[in-house]
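# Structural overview for review
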Amino acid sequence: MTGIEAINVYCGLARLPVPALFAGRGLDPARLDHLMMTERSVGLPCEDPVSNAVNAARPVVDALSPEERDSIELLVTSSESGIDYSKSIASYVHAYLGLGRNCRVMEVKQACYAATGVLQLAAGYLASGVSPGARALVIATDVSMADARAGYAEPATGHGAAALLIGPDARVLELDPGAFGLYSYETLDSARPEPDRDIADVDASLFAYLDCLSRSFADYRSRVADADWHTTFTRLALHTPFAGLVKAGHRKLTRELTGAGPDAVAADFAERVAPSLHYPSRVGNLCSGSVYLALCSLIDHLPPGAPPQRIGLFSYGSGCASEFFSGLVGEGARQALAPARIGERLAARVPIGFDEYTDLLAGNSRCLLPVADRDIDLAPYERFLTADPGRGRLLVHRGTKNYHRTYEWV
Amino acid sequence: MPHNVADPAGAAREELAALVRDTVRAILPTVPAASVTGDKHLKELGADSVDRVEIILTLIERLGIAEPMARFAELPDIDALVDFLAGAERR
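Right, let's walk through the structure included here. (Residues numbered from 1 in each chain as written. Chains lettered and ligands numbered in written order. Predicted model: local features only at pLDDT ≥ 70, side-chain atom pairs only at ≥ 80, totals over all residues. Heavy atoms only, no water.)

Moving on, we get to the overall build of chain B. Helices and strands together make up the secondary structure of chain B, namely four helices and zero strands. N-terminal to C-terminal, the α/β element order of chain B is α-α-α-α. Its C-alpha atoms give chain B a radius of gyration of 13 Å, near enough to 12 Å, the size a compact globule of 91 residues would have. In terms of overall dimensions, chain B has a C-alpha envelope of 40 × 30 × 20 Å along the principal axes. Relative to its 91 residues, chain B shows a buried fraction of 48%. Taking the contacts inside chain B whose residues are at least 6 apart along the sequence as the reference set, 53% of them involve residues at least 24 apart. Looking at chain B as shown, the accessible area adds up to about 4,700 Å², and 52% of this sits on carbon and sulfur atoms. Separation of charge centres in chain B, based on 10 positive and 16 negative side chains, amounts to 2 Å. (Helix = DSSP H or I, 4+ residues; strand = E, 2+ residues; numbered from the N terminus. Rg over C-alpha atoms; globule rule 2.2 N^0.38 Å. Buried < 20%, exposed > 50% of the residue type's maximum accessible area, 1.4 Å probe, protein only. Contact = heavy atoms within 4.5 Å. Areas by Shrake-Rupley, 256 points an atom, 1.4 Å probe, with all protein chains shown as cover. Lys, Arg positive; Asp, Glu negative; His and termini not counted. Charge placed at Lys NZ, Arg CZ, Asp CG, Glu CD.)

Below, the structure is given as structure tokens:
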């Protein structure tokens, strides 16, 4: 059945403890409990949406035979960190991943939802049978522009990419065909109106997320006979702007749909949702890759020998578009994900302090600005690039030459 | 003459205002009752985003409000919240 054959995430090379960011910005430490974040990934000026995408997808592509690599005939990047009005992130990614030239290459945008929309379109295309044996590579990739102006969203903002290989051998997640629910409408809850500035209306965004969770699940129930919030899904993975919002969303739906009291809600959260939050609480919001980081967390934290199980997934993107969908995680999913060593790689990110973080922000804020010619010196970032000897080849951003972005393998 | 006999709409509004005050204080127990005045936004009372979600969800549940949560994001203060609840569609 069609679904996710392989998945990997790239979450950068630096990490900042969230309490240090709170202290540095003078944020109220009493709010740490609701945020449910311990640390977050921080980008480097030698990283950009292209390098993040390539670094997430490279291990997935490297594991393929030449024939399997050539079967990737659809490459889509989803991003809210566009590098050009016309030229896509995917065009660079296609080159640096060494994919075949008989391939559809494009980029999509719908805030934190876009990767799920593409996953569904790609799965439908592959299942149609018009190109037997074909595969699709969908990569959600972004960089953070959050700084002091973002308030309490700054500690929750992540950095990185998630790469999904979609095909007929769904070892990670077998999508339930036709099992989805949609809910979308126009709102300005958050946006990136300039290449170095994010804006957000916190209440509008959180409330829209929660409305969309209820409404998209209602649409799912209208399409899937006997679907039940409490019994249909063994576990859940939800878009995670910060883990505290996922907890609130789970509480809302569980109260609305089951009438459960506080103790039953808390026990259900610990059982079905908490496994998906370990990685997001150490990385921050990965935009449209966030729900797939949550899925990786869920799979890596399954009990050994866990039976095949149905997972409910929810994707929300500001603006806004949302989808609740489901799939089966099989017995082999843990084994399929293990070589990615996601937990080890998160631990291998270099810890930084608040002052170093603010120094990096100045360079990072230039990442998406259109500049004809620019050189990025790698020397200041040497200790990040050499910290994890087991990381394999890494692509870094070296600048632009006549607007053409340049990269180097290190 | 008691206020509620002469002005039933005013009495209903005062009941809603009391429910809002009680809900705020249940979620934010350290906030003194006298601080919960109509001219304040929940943020000014120290409610973080998750507290605000919880306050609004509790009011929606208690009153059977059928409006989407997003409508609540536009309300500038507690007076506007009470007015909105008074006119909101119920399930």
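Right, let's get into the sheet that holds strand β11 (residues 235-238) of chain A. Residue and element names in this part refer to chain A. Spatially, nine strands are ordered β5-β4-β6-β7-β1-β8-β13-β12-β11 in an open sheet, and the strand pairing comes out mixed. Edge positions in the sheet fall to β5 (104-108) and β11, since each of these pairs with one other strand and no more. Taken over all neighbouring pairs, the strand axes of this sheet differ in orientation by 25° on average, direction set aside. Pairing of strand β6 (residues 135-142) with strand β7 (residues 160-167) involves seven bridges; the strand directions are antiparallel. By the bridge assignment for β7, Leu137 is matched with Leu165. Across the sheet, helix α7 (residues 202-223) lies against β8 (173-184), β11, β12 (309-317) and β13 (321-329), angled at about 120° from β8, the strand it touches most. (Pairing = 2+ DSSP bridges. Axes fitted to C-alpha atoms, helices over the stretch in contact; angles between N-to-C directions.)

Another aspect to go through is the environment of Pro280 of chain A. All names here are of chain A. Here Pro280 lies in helix α10 (residues 280-283). Residue classification places Pro280 among the buried residues on the basis of a relative accessible area of 2%. Taking the C-alpha atoms as reference points, Pro280 and Leu295, separated by 15 residues in sequence, lie 9.9 Å from one another. Look past the residues within four positions of Pro280 in its chain and what remains in contact with it is Met37, Thr240, Leu293, Ala294 and Ser297.

Remember that side chains alternate between the two faces of the sheet whenever the strand is regular. All names here are of chain A. Inspection of the sheet shows strand β9 (residues 190-194) paired to strand β10 (residues 197-200) by three bridges, in the antiparallel sense. Counted as the bridge partner of Glu194 is Arg197 from β10. Between β9 and the antiparallel strand that follows it, β10, lie two residues.

Here we take up the packing of aromatic side chains. Residue and element names in this part refer to chain A. Across all of its chains, the model carries 16 aromatic pairs over all chains by this definition. A centroid spacing of 5.7 Å and a plane angle of 65° characterise the contact between Tyr209 and Tyr316, whose relative ring orientation is edge-to-face. A residue pair is termed long-range when its members are at least 10 positions apart, and Tyr209 in helix α7 and Tyr316 in strand β12 qualify at 107 residues. Tyr316 gets classed as buried once you look at its relative accessible area, which sits at 2%. A ring pair is formed by Phe217 and Phe324, whose centres lie 4.9 Å apart and whose planes are at 75°; its orientation type is edge-to-face. (Phe/Tyr/Trp six-rings, centres within 6.5 Å; stacked < 30°, edge-to-face > 60°.)

Attention shifts here to the interface of chain B and chain A. Taken residue by residue, the interface counts 19 residues in chain B and 17 residues in chain A. Across the interface of chain B and chain A, roughly 1,600 Å² is buried in total on both sides, 58% from carbon and sulfur atoms. The interface formed by chain B and chain A includes four salt bridges. Taking the shortest distance from any N to any O, the salt bridge between Glu54 of chain B and Arg255 of chain A comes out at 3.0 Å. Summed over the shared surface of chain B and chain A, the number is seven residue pairs in polar contact (both at pLDDT 80 or more). A class-by-class count of the residues in the side of chain B that touches chain A yields eleven nonpolar, three polar and five charged. (Buried area = accessible area lost by both parts, 1.4 Å probe. Salt bridge = Lys/Arg side-chain N within 4 Å of Asp/Glu carboxyl O. Polar contact = N/O pair within 3.5 Å; in protein donor to acceptor, adjacent residues only side chain to side chain. Nonpolar A, V, L, I, M, F, W, Y, C, P; charged D, E, K, R; others polar.)

So far we have only geometry, and geometry alone does not tell us how the molecule works.
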